[in-house]
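Summary of structural features
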Amino acid sequence: MSTKSRTRSKTRLSRALGIPLTPKAARYLEKRPYGPGEHGRTRRRADSDYAVRLREKQRLRAQYGIREKQLRIVFEEARKTKGLTGENLVELLEQRLDALVLRAGFARTTAQARQLIVHRHIMIDGKLVDRPSFRVKEGQMIHVKQRSESLEPLQVAAAGGHLEVLPKVPGYLEVEIEKLQARLVRRPKRAEVPVTCEVQLVVEYYAAR
């Protein structure tokens, strides 16, 4: 899929779910705050409970850019973890390397964060990690490989070029953007995670299946 087609797809999905998945989609939603297609402006009939739960699950999946199987695996782990399942779910997802690369401002979108990782530009405590799903532990340092720092997208990041379009850096991350490094100082808390989702509805979706 071309970059243009991918952008169009993300914008359409953003409109369908009612949440901006990229900075460009956010600008588009400001102009057209309704669903895609010829019936996007018309008022829809009330959704069923199932449809509401399904859409909330799709929202969570889309914001992390993960497959259904990946979300289900993390949900099962969250369910077995002490505490509220919904909050555990978001907190575990937020410890993914691609999520933290985005939050730190090294990338502009989740897709770009994943690309940096897969192309082996990102290190954890001095070791290359090429899995976007890698779960970062408390205290670990995320940083860009020295040989990659001169790449134009990372130069833009180091100058703070992405921070103006991203949510404020959350309290669980310590970021030195000019050095392209960030440390996960503690486990994320649901209230701090900049994700739009009624997590209890996601729990109810899976509980009913």
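Calculation criteria
- Residues numbered from 1 in each chain as written.
- Predicted model: local features only at pLDDT ≥ 70, side-chain atom pairs only at ≥ 80, totals over all residues.
- Heavy atoms only, no water.
- UniProt positions renumbered as here; feature names shortened; annotations may be inferred.
- Core = buried A, V, L, I, M, F, W, Y, C linked by side-chain atoms within 4.5 Å.
- Buried < 20%, exposed > 50% of the residue type's maximum accessible area, 1.4 Å probe, protein only.
- Contact = heavy atoms within 4.5 Å.
- Pairing = 2+ DSSP bridges.
- Helix = DSSP H or I, 4+ residues; strand = E, 2+ residues; numbered from the N terminus.

An unreviewed UniProt entry annotates the protein chain as Small ribosomal subunit protein uS4 originating from Curtobacterium citreum. Looking at the Sequence similarities (unreviewed entry) heading of the UniProt record, one finds this comment for the protein chain: "Belongs to the universal ribosomal protein uS4 family." Database annotation for the protein chain, UniProt heading Subunit (unreviewed entry): "Part of the 30S ribosomal subunit. Contacts protein S5. The interaction surface between S4 and S5 is involved in control of translational fidelity."

Counting 47 residues, the largest nonpolar core has Leu-60, Leu-97, Val-101 and Phe-106 as its most contacted members. Discounting residues that sit within four places of it in the chain, Phe-106 has contacts with Val-101, Leu-116, Ile-122, Ile-142, Val-144, Leu-154, Ala-157, His-162, Ile-177, Leu-180, Gln-181 and Ala-182.

This part is about the pairing of strand E5 (residues 181-184). Bridge count for strand E3 (residues 141-144) against E5 is three bridges, and the pairing is antiparallel. Opposite Met-141, over in E5, you have Arg-183 as the bridge partner. Relative to E5, strand E4 (residues 173-176) is paired through four bridges, and the arrangement is antiparallel. Of the residues in E5, the one forming a bridge with Glu-174 is Arg-183.

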